[in-house]
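Each chain, written out:
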Amino acid sequence: MLRRILPGVFIFAVLIGIAMPAFAWDDTGHKITAYIAWQRMTPEVREKVNKILLAAPEDSNIAAFFVNYGSRTVESRRRDHFMLMATWADMVRDNKFPVRSKNYHHGNWHYDDTFWQWKDGKAVFIDKPEDGGVGLTKLADFNQLIRSNATDAEKAVAIVWMEHIIGDLHQPLHTSAKVTDTNPKGDQGGNLFLLTPKGTPRANQQNLHWYWDSIVSRNIPNTKDLCDADYIDPLAQELMKLHPYDKLKSNIEPAKFDLWAKESLNFATTEVYKDLKWFEMPSDKYMKRAFEIAQGRLALAGYRMGDLFNEAFAAMVTTPTTVPAK
């Protein structure tokens, strides 16, 4: 989601062809959103959130990911931990860690699909023919939980899920299931819309959902194998310059989760499938427009997340956060 990023360079770089399962934004997207949220959060809220995360249940491994040593400042390590935890809900999918996976993985918490189809040149919404996900319900539940008398261990799990779900619901295809004759039960958020040539081996296939999930790294690949501080942090900083909080604050709509999802759905029905053909990769024009949309969604998700945590943990933002110096 950044029209350009990394000093002095950008523009649409190479497509990286990878066949991977769809997770929502990939880890780059989720970490960018969490970085932006961290910049919005007050020092008091940052400290409070870090303290809660370190009280997480042991079998979740949430606290174990905090690096409590090294030459970096405590603030940097707290920020890195918060950013990494935006990807925790994807980590717990890994069944190589059966206890963690069994206790914490919930596949249908990552999305909340509205089913729709094209009819007479417009999107028509229809009843869900099957489970469409419960992302909105879980986000609302967790929003209440972190404001309650729940234990810090419970709040820690809620916080990391909120980090992830907020990001997910700003990815248009996490709110959409397009119904067609080919996919009468919906296309699973574009997972069934293949972009690679017909007959491509399954391991090499790419679909529309993954195309959007990996959109940042497609446009700005980490070709130099940089660490997150040198790759993701500058991307997030540039995105904050491109979409400053002051220009988006009228669209924050605090805790109006249904509205956030409807925004994404609108992009899904009006932009995401535009000029696409099955078994063909999108054009450069499509790629440019998709990246522009994604940039705005990532920035808005980060600002909304930061403001939500500020409000939930009773710390008001008194002055707008500036983009940190490089």
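In this text, all values refer to a predicted model and were calculated from it rather than measured experimentally.

### Re the environment of Ala294
Mapped onto the elements of the fold, Ala294 is located in helix α13 (residues 284-312). Residues Ala294 and His170 lie 124 residues apart in sequence; the distance between their C-alpha atoms is 8.5 Å.

### Details of the confidence of the model for the protein chain
With 89% of its residues at a pLDDT of 70 or more, the protein chain shows a mean pLDDT of 90. Note that pLDDT drops below 50 for residues 1-22; the model gives that stretch 69 contacts with residues more than four away or on any other chain. A low-confidence stretch, residues 315-320 stays under pLDDT 50, and its non-local contacts, those more than four residues away or across chains, total nine contacts.

### Here's the deal with the packing of helix α2 (residues 43-53) against helix α3 (residues 74-85)
Interaxial distance between α2 and α3 falls to 11 Å at its minimum, and their mutual angle equals 65°. Handedness of the α2/α3 crossing: left-handed. Between α2 and α3, the contacting residues are Arg46, Glu47, Val49, Asn50 and Leu53 on the first element and Glu75, Arg78, His81, Phe82 and Met85 on the second. Of the residues in the contact of α2 with α3, the class split is four nonpolar, two polar and four charged.

### Description of the sheet that holds strand β2 (residues 122-126)
Two modes of strand pairing occur in sheets, parallel and antiparallel, and in both the strands are linked by backbone hydrogen bonds. The strand order across the open sheet formed by three strands is β2-β1-β3, and the pairing between neighbours is mixed. The outermost strands of the open sheet, each flanked by one partner alone, are β2 and β3 (176-178). Each strand axis lies, on average, 40° off the axis of its neighbour in the sheet, ignoring direction.

Here is what the cut-offs are and how they apply
Residues numbered from 1 in each chain as written. Predicted model: local features only at pLDDT ≥ 70, side-chain atom pairs only at ≥ 80, totals over all residues. Heavy atoms only, no water. Helix = DSSP H or I, 4+ residues; strand = E, 2+ residues; numbered from the N terminus. pLDDT = per-residue confidence, 0-100. Contact = heavy atoms within 4.5 Å. Axes fitted to C-alpha atoms, helices over the stretch in contact; angles between N-to-C directions. Left-handed = near helix turned anticlockwise from the far one by under 90°. Nonpolar A, V, L, I, M, F, W, Y, C, P; charged D, E, K, R; others polar. Pairing = 2+ DSSP bridges.

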